[in-house]
Amino acid sequence: MRDLILEVNGVQSHVGVSPEESLLSVLRNHLNLTGTKYGCGEGQCGACTVLLDGKATRSCLTPASSAESAKITTIEGLEHDGKLSPVQQAFLDEGAFQCGYCTSGMIVQATVLLHDLPHPTDSEIVERMDGNICRCGTYPRIVEAIRRASHSIGKGGSR
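Our subject in this report is the structure included herewith. (Residues numbered from 1 in each chain as written. Predicted model: local features only at pLDDT ≥ 70, side-chain atom pairs only at ≥ 80, totals over all residues. Heavy atoms only, no water.)

**Thoughts on the nonpolar core**
Burial of nonpolar side chains together is a common tendency in soluble globular proteins. The biggest cluster of nonpolar side chains holds 24 residues, and the ones touching the most others in it are Val-87, Phe-91, Met-106, Met-129, Ile-142 and Ile-146. Of all the secondary structure elements, the ones that give two or more residues to this core are helix 2 (86–94), helix 3 (103–116), helix 4 (122–129) and helix 5 (139–154). Sorting elements by how many residues they give to this core places helix 3 first, with 7 residues. The residues contacting Ile-146, other than those within four sequence positions of it, are Phe-91, Ala-110, Leu-113, Leu-114, Ile-125 and Met-129. Listed in part, the 15 residues of the second largest apolar core include Val-8, Val-26, Val-50 and Ala-64. (Core = buried A, V, L, I, M, F, W, Y, C linked by side-chain atoms within 4.5 Å. Buried < 20%, exposed > 50% of the residue type's maximum accessible area, 1.4 Å probe, protein only. Helix = DSSP H or I, 4+ residues; strand = E, 2+ residues; numbered from the N terminus. Contact = heavy atoms within 4.5 Å.)

**Overview of the sheet that holds strand 5 (residues 71–73)**
The strand order across the open sheet formed by 5 strands is 2-1-5-3-4, and the pairing between neighbours is mixed. Bordering the open sheet on either side are strand 2 (11–17) and strand 4 (55–58), each of which pairs with just one other strand. Averaged over all neighbouring strand pairs, the angle between strand axes comes to 40°, with direction disregarded. Bridge analysis of strand 3 (residues 49–52) against strand 5 gives 2 bridges, and the strand direction is antiparallel. Its bridge partner lying in strand 5, Leu-51 is registered against Thr-73. Its contacts with the sheet place helix 1 (residues 23–30) against strand 1 (2–8), strand 2, strand 3 and strand 5, and it is angled at close to 105° to strand 2. (Pairing = 2+ DSSP bridges. Axes fitted to C-alpha atoms, helices over the stretch in contact; angles between N-to-C directions.)

**Considerations on the packing of helix 3 against helix 4**
Relative to each other, helix 3 and helix 4 sit at 130°, their axes nearing to 10 Å. It follows that helix 3 is oblique to helix 4 by the angle criterion. In terms of crossing hand, the pair formed by helix 3 and helix 4 is right-handed. On the side of helix 3, the interface is formed by Met-106, Gln-109, Ala-110, Val-112, Leu-113 and Asp-116, while helix 4 contributes Glu-124, Ile-125, Arg-128 and Met-129. The residue makeup of the contact of helix 3 with helix 4, split by class, is 6 nonpolar, 1 polar and 3 charged. (Parallel < 35°, antiparallel > 145°, perpendicular 65-115°, else oblique. Left-handed = near helix turned anticlockwise from the far one by under 90°. Nonpolar A, V, L, I, M, F, W, Y, C, P; charged D, E, K, R; others polar.)

Below, the structure written as structure tokens:
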């Protein structure tokens, strides 16, 4: 076991973990942040996507020990003062989910996309979201939600 200090969603937490434990496991099992999902366990589906220092990262492949000095943001950390982020709100408004399993990873990835490209084209959205899989096939609504969030952010909404 190793004691780690992780900054997750602006809060420092002390956790005792085994050296090989994934960040996903620590988030879900030690910190009770269950919005980040276990999908494939191979970093291919995107359900486990979190932000590490603002970069979209597959938490199932990331050793928790490597995240010790990073600022970690999960889906739970995107809302501020009880208000959903523009991306979260847009996904809700557009019904950009069916079973919802992929949604947290999609929202986190879309947040990075809109940070990098505030007004993406549909083809840029598709290209940048390519690594996130929705088994239900709600891709058209996901693209529309990202487009809606882009307009919201452009009107002064915050990320």
